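Each chain is listed here by its residues.
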Amino acid sequence: KEKFAVKSADGNWEWGIGGRIMADYAIYDNDTDSSGMEVPGLSDGHELRRARLNMSGKFYDVWGMKLQVDFAGGAEIKDAYIDYSGFENFKVKVGNFKEPFSLEELTSSKYITFMQRSTPVNAFAPSRNLGIAGYTSFADQVTLSGGVFGDGIESGSGDDGTSYGVTGRVTFSPIHEAGRVVHLGAAVSQRNTNSNNTVRFRDRFETHVSGTRLVDTADLTNTDDVTRYGLEAAGVWDRLSLQGEYIMADVNRDNGFEDADFDGFYLTGSFFLTDDHRPYDFGPGDFDKVSPSTTVGKGGIGAWEVAARYSSLDLNDGALNGGKQDLLTVGLNWYATKNIRFMANYNQVLDLKGGAFDGAEPAAFQARAQVFW
Amino acid sequence: KEKFAVKSADGNWEWGIGGRIMADYAIYDNDTDSSGMEVPGLSDGHELRRARLNMSGKFYDVWGMKLQVDFAGGAEIKDAYIDYSGFENFKVKVGNFKEPFSLEELTSSKYITFMQRSTPVNAFAPSRNLGIAGYTSFADQVTLSGGVFGDGIESGSGDDGTSYGVTGRVTFSPIHEAGRVVHLGAAVSQRNTNSNNTVRFRDRFETHVSGTRLVDTADLTNTDDVTRYGLEAAGVWDRLSLQGEYIMADVNRDNGFEDADFDGFYLTGSFFLTDDHRPYDFGPGDFDKVSPSTTVGKGGIGAWEVAARYSSLDLNDGALNGGKQDLLTVGLNWYATKNIRFMANYNQVLDLKGGAFDGAEPAAFQARAQVFW
Amino acid sequence: KEKFAVKSADGNWEWGIGGRIMADYAIYDNDTDSSGMEVPGLSDGHELRRARLNMSGKFYDVWGMKLQVDFAGGAEIKDAYIDYSGFENFKVKVGNFKEPFSLEELTSSKYITFMQRSTPVNAFAPSRNLGIAGYTSFADQVTLSGGVFGDGIESGSGDDGTSYGVTGRVTFSPIHEAGRVVHLGAAVSQRNTNSNNTVRFRDRFETHVSGTRLVDTADLTNTDDVTRYGLEAAGVWDRLSLQGEYIMADVNRDNGFEDADFDGFYLTGSFFLTDDHRPYDFGPGDFDKVSPSTTVGKGGIGAWEVAARYSSLDLNDGALNGGKQDLLTVGLNWYATKNIRFMANYNQVLDLKGGAFDGAEPAAFQARAQVFW
């Protein structure tokens, strides 16, 4: 198969090793904000965006585990969990993994349509934390998942307290076959704050080489808890795919500070120029690997895809002036093989209201070489 | 088999990849010390205790190597060595590995009975250092090991000097079959200090989520060398296992500072509720992997074990007031499969005399999910 | 074979895992400089010099990738690239890898003759950077390679600008069979500086345990660009091998600062006491793995090699006083198996003119245990 994997003779033990490399290059077209200043930190450059290795196992059909480390910028643990699926139609997972929130967040970075996830997803989705979660599904149409999570991985959170969150997600997919997908989803996540009582939302403008963030709430002090709500919809019709999400974050503050509401959404459309389509994975309720109908190196040209995304993130609320950003990204993806993809993205900030760089509308052209295994 | 391993067709080359994940959660019951202050840093929390990958090899039957890295909290090299066993009944090892000192220290963290090793072992045992060691055995009853070791792994110890230690261990095991083990051992380790001439002994109270240490000598300056002495005894009778150690550290100081003696011991008893037993490995003289007689996922319930440990660590000596701590831990272990274990520990400080938190007797309840491969 | 590798049944997917461990020990014989001061930082010590894991893949015969991480001192990515060789006699590579400059630099640290590469190579060769390069060859005699490279791997070089370099290399090898090699090479590399406009050349005296550098230009400010020129020659005649390089760095400065020229060379001779020889790899134009004719563990004594190297690095130019160092290294290598080597080096600084330690002539004795797989 396409994996570095081995299985014991008795079938009780399966092992696999995988990984991914993503190398990025970005050129920036800077712009002046309403005070006439250029945005700082937008120099052309490159980075190794992700360089990961993982090891996974399956034991006695019902036990599983995964350990994944990212070496781009030190060594950071991503997934580290054990799961058990020996119950009837129910899986439980313990360790460090993604909270069940947001279709785009749950879709692997190997399979997302653009080089970066959209700003509202990056700003709001909880991503990976240490916790325990359960997963079930009904009638091959509905999935339910939910769990309790602490903070991310730290060495000894008992030194200064940890925060806790409860997250649940439901998806409904009446159709999910090759080239025909309908997906609807909703999720909610409530999280208290740890001992420093702060929370912060921010994101880059869908480019990672530069660390500049145009929208940023800064630390919101005296925060009691945050509730996130997410709505998802996606569809695939042959070569065409549409996907959108709306996410809201409701910040509950005390000591006389006013509560705050932030939100954002994105809408993505993509179309394959070749005879290919985006595959959907019903169980986790996310998108999966594109397997091009022809392969470069076997006489084919791979799969070619064009895509556009409009995203909006509003971090302004009353006196809080984190900025509201509207952004358009267009992209071209070339899936040379099942595991090699080259990407080009052009990002244009359409409008920036408020925040530290009010009125600036920079743009980025960026490209990626990606392999996974 | 149960390992991700391959062997070349000619049998000259064998390769294996392994790893372990341990995810911990801890709740603390704080206490006031004799001055009425609560112990700081005892917040409930979680951590990824260990997340390791290793690769090992065997070449031409006589050469071996191992490289092991822990990713919990960055990337830290554990084992990194080459060994040669082509001599008659003699093995030599060079690189970074555990000095031959303490039964509990030498037993892998995958197989220890409680979530943490006992305080005297953590405070005194030298653990891994860069060095060279030899191993032999006699009459299937006696093992001898000894080596010379520098410091741990550093990049360029030549910049500020290194310390050196000599360590030797002898074990005597007249009986070591399934369900019947007698083990006696003794070890001694002498180590000079590096250019800063300090040594420090301390430990957490057998819980790691909180970094708080109730006993701590702080840096002992003007130290010339330290000699550690260890005595070990262990026995297995079917489901029952007993194990204990006594360790003393003799600190030799100069420039008019008085020498210091510290010591500690622990005693562990464990009992399987199921038809299982603790296996012993004669060669290295330590305990090995429990293979439950039935497996969860193959119709069984795994192995269930209850255990209790009493440990005492005395870091008071004359004017040196590091504290003396007596601690009781009770535990429940569930070995779901050969490689998956869930653990629950309750630790109660019975008595704390001296040190920074004199009189405080906090407790911890902690649980672990563990997988290795 | 000698690799941990697997291949899919259809032959489209090949995977391999490798690594290396090098553990060093060094003793220093210090010396006083012309002012009567001893060189600081030359304490005896040890270090884990390299501890690497890598994973490589080959897909559909034409695609390849490699990811290599060094864990000695944290986690640092070395190679991380994708390559494509589906063109006629042409390979293109994108990601992080070595720029094509210097025979000794391009030869793997697993196969170099001494524990450290020579000072001129360490001081001047660009080594690994993120970029794109192409490789071709003619008539089994000439290779051409060249590429465009940014900086090394950083997380978001767009924050403060990156520098760019263009590097090309040509090699000519009319003879390259077992025990008969002639190699000639030339390379040039031009690189501008990033936003801080500085460049620095320096190196240890071919020992790494101590970080002390006797020659060092310090940061040269107001630098516009640097052009490096390299010449290579090597030959193998049965057990005998000769190898030498000359490298010059031409620093172009502005704002009234004078340009600077630095250079250096080395000459290595090595001779096998056993019936062995150094193998050459025509494609990349570098030296390859010694496969001893007899193996320790299979009744043999391995391969034994003696070697000597004279190196000179001149970092003085006009008012710039980085120091000029002449160094002699003699070495003994024992290749116990194809993948295990023990090394001993004695380094003597013959002459040190200028720099911070003018007149100091320290020496080092150092040994290494090395395994790779």
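Preceding block: the structure.
Since the model is a prediction, treat every value here as computed from it, not as a measurement. (Residues numbered from 1 in each chain as written. Chains lettered and ligands numbered in written order. Predicted model: local features only at pLDDT ≥ 70, side-chain atom pairs only at ≥ 80, totals over all residues. Heavy atoms only, no water.)

1. Some remarks on the overall build of chain A
Part 1 of the argument: A tally of regular secondary structure across chain A gives 2 helices and 21 strands.
Part 2 of the argument: With the C-alpha coordinates of chain A rotated into their principal frame, the extents come out at 65 × 50 × 40 Å.
Part 3 of the argument: Here chain A, with 373 residues, has 57% of them falling under the buried criterion.
Part 4 of the argument: Summarising the internal contacts of chain A: among those between residues at least 6 apart in sequence, 62% fall at separations of at least 24.
Part 5 of the argument: The centroid of the 35 positive side-chain charges in chain A is displaced by 8 Å from the centroid of its 52 negative side-chain charges. (Helix = DSSP H or I, 4+ residues; strand = E, 2+ residues; numbered from the N terminus. Buried < 20%, exposed > 50% of the residue type's maximum accessible area, 1.4 Å probe, protein only. Contact = heavy atoms within 4.5 Å. Lys, Arg positive; Asp, Glu negative; His and termini not counted. Charge placed at Lys NZ, Arg CZ, Asp CG, Glu CD.)

2. Focus: the relation of the copies chain B and chain C
Part 1 of the argument: Superposition record for chain B on chain C: RMSD 0.0 Å, screw rotation 120°, translation along axis 0.0 Å. Both chain copies can therefore be described as sitting about a three-fold axis. The C-alpha atom lying nearest the rotation axis in chain B is that of B:Ala75; the distance is 3.4 Å.
Part 2 of the argument: A share of only 10% of the interface residues of chain B reappears at the interface of chain C, consistent with the copies meeting through non-equivalent patches. (Least-squares fit on C-alpha atoms with pLDDT ≥ 70 in both.)

3. A word on the interface of chain A and chain C
Part 1 of the argument: Taken together, the 42 residues of chain A in the interface contact 40 residues of chain C.
Part 2 of the argument: Buried area between chain A and chain C, summed over both chains or domains, comes out near 3200 Å², and the portion from carbon and sulfur atoms is 74%.
Part 3 of the argument: Linking chain A with chain C are 3 residue pairs in polar contact (both at pLDDT 80 or more).
Part 4 of the argument: Grouping the amino acids of the side of chain A that touches chain C by side-chain chemistry returns 20 nonpolar, 14 polar and 8 charged. (Buried area = accessible area lost by both parts, 1.4 Å probe. Polar contact = N/O pair within 3.5 Å; in protein donor to acceptor, adjacent residues only side chain to side chain. Nonpolar A, V, L, I, M, F, W, Y, C, P; charged D, E, K, R; others polar.)

4. Some points on the environment of C:Val121
Residue and element names in this part refer to chain C.
Part 1 of the argument: Checked against the element boundaries, valine 121 lands in helix α2 (residues 119–124).
Part 2 of the argument: Classification of valine 121 by relative accessible area gives buried; the value is 1%.
Part 3 of the argument: Residues valine 121 and tyrosine 266 lie 145 residues apart in sequence; the distance between their C-alpha atoms is 8.6 Å.
Part 4 of the argument: In this structure, valine 121 is in contact with Ser102, Glu104, Glu105, Glu245, Ile247 and Tyr266, ignoring residues within four places of it in sequence.

5. Here's the deal with the interface of chain B and chain C
Part 1 of the argument: Facing 40 residues of chain B, the contacting portion of chain C comprises 42 residues.
Part 2 of the argument: Here chain B and chain C share an interface that buries about 3200 Å² over both sides, 74% of which is from carbon and sulfur atoms.
Part 3 of the argument: Seen at the junction of chain B and chain C, the total is 0 salt bridges.
Part 4 of the argument: Where chain B touches chain C, the interface holds 3 residue pairs in polar contact (both at pLDDT 80 or more).
Part 5 of the argument: Secondary structure elements with two or more residues in the side of chain B that touches chain C: β1 (4–7), β2 (13–29), β3 (45–59), β4 (63–70) and β5 (76–87) of chain B.
Part 6 of the argument: Taken together, the residues of the side of chain B that touches chain C sort by class into 24 nonpolar, 11 polar and 5 charged. (Salt bridge = Lys/Arg side-chain N within 4 Å of Asp/Glu carboxyl O.)

6. A short note on unusual backbone geometry
Part 1 of the argument: For A:Asp61, which is not glycine, the phi torsion reads 70° and is therefore positive.
Part 2 of the argument: Positive phi outside glycine occurs at B:Asp140, with the angle close to 55°.
Part 3 of the argument: By the secondary structure assignment, B:Asp140 is in the loop between β7 (128–138) and β8 (142–149).

7. Re the packing of aromatic side chains
Part 1 of the argument: All told, the structure shown has 63 aromatic pairs over all chains when counted by the stated rule.
Part 2 of the argument: Arranged with centres 6.2 Å apart and planes meeting at 65°, the rings of A:Tyr28 and A:Phe205 form a pair that is edge-to-face. Remark: A:Phe205 occurs in the loop between β11 (202–203) and β12 (215–216) and A:Tyr28 occurs in strand β2 (residues 13–29); sequence separation between them is 177 residues. You'll find A:Tyr28 and A:Phe205 in the same group, each marked buried.
Part 3 of the argument: Through successive ring pairs, a cluster of aromatic residues spans A:Trp63, A:Tyr84, A:Phe87, A:Phe90, B:Trp304, B:Trp334 and B:Phe342.
Part 4 of the argument: A:Lys93 extends its terminal NZ or CZ atom over the ring of A:Tyr81, reaching a point 4.3 Å from the ring centre. (Phe/Tyr/Trp six-rings, centres within 6.5 Å; stacked < 30°, edge-to-face > 60°. Lys NZ or Arg CZ within 6 Å of the ring centre and 35° of its normal.)

8. Comments concerning the relation of the copies chain A and chain C
The operation relating the pair of chain copies consists of a rotation about an axis and a translation along that axis.
Part 1 of the argument: Superposing chain A onto chain C takes a rotation of 120° plus a shift of 0.0 Å along the axis, which leaves an RMSD of 0.0 Å.
Part 2 of the argument: Different-surface contact between copies: only 10% of interface residues of chain A are shared with the interface of chain C.

9. A word on the pairing of strand β20 (residues 340–353) of chain B
Residue and element names in this part refer to chain B.
Part 1 of the argument: Sheet topology note: the strand β19 (residues 320–335)/β20 ladder contains 12 bridges and is antiparallel. Note on β20: the bridge partner recorded for leucine 332 is alanine 344.
Part 2 of the argument: In sequence, β19 turns back onto β20 through a hairpin of 4 residues.
Part 3 of the argument: Inspection of the sheet shows β20 paired to strand β21 (residues 363–372) by 9 bridges, in the antiparallel sense. Its bridge partner being in β21, asparagine 345 is matched across the sheet by glutamine 366. (Pairing = 2+ DSSP bridges.)

10. Considering a nonpolar patch on the surface
All names here are of chain A.
Part 1 of the argument: Together, Tyr25, Ile27, Leu231, Tyr246, Phe265, Tyr310, Leu328, Val330, Tyr346, Leu350 and Phe365 make up a nonpolar patch on the protein surface, roughly 890 Å² of accessible area in all.
Part 2 of the argument: Those elements giving two or more residues to the nonpolar patch turn out to be β2, β19 (320–335) and β20 (340–353).
Part 3 of the argument: Its place among the elements puts tyrosine 25 in strand β2.
Part 4 of the argument: Take tyrosine 25: its relative accessible area is 32%, and that puts it in the partly exposed class. (Patch = residues over 30% accessible without salt bridge, like charges linked within 9 Å, V, L, I, M, F, W, Y side chains within 5 Å. Areas by Shrake-Rupley, 256 points an atom, 1.4 Å probe, with all protein chains shown as cover.)

11. Remarks on a negative patch on the surface
All names here are of chain A.
Part 1 of the argument: Where like charges cluster on the molecular surface, the negative patch consists of Asp224, Glu258, Asp259 and Asp261.
Part 2 of the argument: Take aspartate 224: it is sitting in strand β13 (residues 223–237).
Part 3 of the argument: Among the residues examined, aspartate 224 registers a relative accessible area of 36% and is labelled partly exposed.

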